[in-house]
Amino acid sequence: DSGVTQTPKHLITATGQRVTLRCSPRSGDLSVYWYQQSLDQGLQFLIQYYNGEERAKGNILERFSAQQFPDLHSELNLSSLELGDSALYFCASSGGNPGELFFGEGSRLTVL
Amino acid sequence: KNEVEQSPQNLTAQEGEFITINCSYSVGISALHWLQQHPGGGIVSLFMLSSGKKKHGRLIATINIQEKHSSLHITASHPRDSAVYICAVLGLTQGGSEKLVFGKGTKLTVNP
């Protein structure tokens, strides 16, 4: 158990809909990262938050947004969903030791 | 050409064999991660390296910064080592922040 909790584990929705994925980092970790893993693209970095502020941005679409709340949990919002958004979405957190990453179990999104 | 190349893509071994997975990268990095992803989808960070060599149990990771190359070795392989092993490099974005860039992964199957 990494200590990082992601919900929901599985989500099935339709094109055009909006979903929210939630991540609770390890206790005390200030950094939260979001990654997307699709069959054709592999793992890709989406966005990083540090103590509530956006720190780095990767290949995140404009239809997607994220935030980190004062209690350090983070949410990834995916809107106007397309078939190609079907993927595993991972959250990871890091804290004390620089570069050490702890991954959640992922949220599997299926868009029909 | 991908920024991070792994070889081989697929590897099948017999229990007890010595395994080597290679990773080459083309960008400047501050660190390199080796990750393990089990069939259930969860990701575990095995090592983070910025130089030299690290060992954890039967796993050894090395990095050569000058040659931009890293290897992950598994000694006395076991069926429970069957997983996808992913190399990821921590590089700089244009904005000056760091982000992980992932290889496509190496699928390892260890037969009893």
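Residues numbered from 1 in each chain as written. Chains lettered and ligands numbered in written order. Predicted model: local features only at pLDDT ≥ 70, side-chain atom pairs only at ≥ 80, totals over all residues. Heavy atoms only, no water.

## Topic: the overall build of chain A
So, point 1. Assigned secondary structure in chain A consists of zero helices and eleven strands.
So, point 2. For chain A, the N- to C-terminal ordering of α and β elements is β-β-β-β-β-β-β-β-β-β-β.
So, point 3. The C-alpha atoms of chain A give a radius of gyration of 13 Å, which matches the 13 Å a tight globule of 112 residues would have.
So, point 4. Across its three principal axes, chain A shows a C-alpha extent of roughly 40 × 25 × 25 Å.
So, point 5. The buried share among the 112 residues of chain A stands at 50%.
So, point 6. For chain A, restricting intrachain contacts to residue pairs at least 6 apart in sequence, the fraction spanning at least 24 positions comes to 52%.
So, point 7. Total accessible area computed for chain A in this model is approximately 5,500 Å², and 46% of it derives from carbon and sulfur atoms.
So, point 8. If you average the places of the 8 positive and of the 12 negative side-chain charges in chain A, the two averages end up 2 Å apart. (Helix = DSSP H or I, 4+ residues; strand = E, 2+ residues; numbered from the N terminus. Rg over C-alpha atoms; globule rule 2.2 N^0.38 Å. Buried < 20%, exposed > 50% of the residue type's maximum accessible area, 1.4 Å probe, protein only. Contact = heavy atoms within 4.5 Å. Areas by Shrake-Rupley, 256 points an atom, 1.4 Å probe, with all protein chains shown as cover. Lys, Arg positive; Asp, Glu negative; His and termini not counted. Charge placed at Lys NZ, Arg CZ, Asp CG, Glu CD.)

## Focus on the state of the cysteines
So, point 1. Applying the stated rule across the entire model yields two disulfides over all chains.
So, point 2. At a sulfur-sulfur separation of 1.7 Å, the disulfide partner of Cys 23 of chain A is Cys 91 of chain A. Given an S-S torsion of about -50 degrees, the disulfide between Cys 23 of chain A and Cys 91 of chain A has left-handed geometry. Highlighted residues: Cys 23 of chain A in strand β3 (residues 19–24) and Cys 91 of chain A in strand β9 (residues 87–94), separated in sequence by 68 residues.
So, point 3. With relative accessibility at 0%, the residue Cys 23 of chain A sits in the buried group.
So, point 4. A sulfur-sulfur separation of 1.9 Å characterises the disulfide bridge that pairs Cys 23 of chain B with Cys 87 of chain B. Negative torsions about the S-S bond denote left-handed disulfides, and the value of about -60 degrees found for Cys 23 of chain B with Cys 87 of chain B makes this one left-handed. Here Cys 87 of chain B lies in strand β9 (residues 83–92) and Cys 23 of chain B lies in strand β3 (residues 19–25), a separation of 64 residues in the sequence. Accessibility assignment for this pair places Cys 23 of chain B and Cys 87 of chain B in one class, buried. (Disulfide = S-S within 2.5 Å.)

## Some points on the side chain of Glu 75 of chain A
Residue and element names in this part refer to chain A.
So, point 1. With respect to the helices and strands, Glu 75 occurs in strand β8 (residues 74–78).
So, point 2. For the buried Glu 75, no salt bridge exists, and the shortest N-O distance to an oppositely charged side chain is 4.1 Å, to Arg 22.
So, point 3. Among the polar contacts listed, one links the side chain of Glu 75 to the side chain of His 73, at a separation of 3.4 Å.
So, point 4. Aside from chain neighbours lying at most four places away, what touches Glu 75 is Thr 20, Leu 21, Arg 22, Trp 34, Ser 65, Ala 66, Gln 67 and Phe 69. (Salt bridge = Lys/Arg side-chain N within 4 Å of Asp/Glu carboxyl O. Polar contact = N/O pair within 3.5 Å; in protein donor to acceptor, adjacent residues only side chain to side chain.)

## Examining unusual backbone geometry
Peptide bonds are trans in most cases, and residues, glycine excluded, mostly fall at negative phi.
So, point 1. Residue Thr 7 of chain A is joined to Pro 8 of chain A through a cis peptide bond whose omega torsion reads -10 degrees.
So, point 2. By the element assignment, Pro 8 of chain A lies in the loop between β1 (5–7) and β2 (10–13).
So, point 3. Geometrically, the link from Ser 7 of chain B to Pro 8 of chain B is a cis peptide bond, its omega value of -5 degrees lying close to zero.
So, point 4. Within the secondary structure, Pro 8 of chain B is located in the loop between β1 (4–7) and β2 (10–14).
So, point 5. The phi torsion at Leu 72 of chain A lies on the positive side, around 80 degrees, for a residue other than glycine.
So, point 6. Inspection of the secondary structure assignment puts Leu 72 of chain A in the loop between β7 (64–68) and β8.
So, point 7. Look at Lys 68 of chain B: it is not a glycine, yet its phi comes out positive at around 55 degrees.
So, point 8. Residue placement: Lys 68 of chain B occurs in the loop between β7 (59–64) and β8 (69–74).

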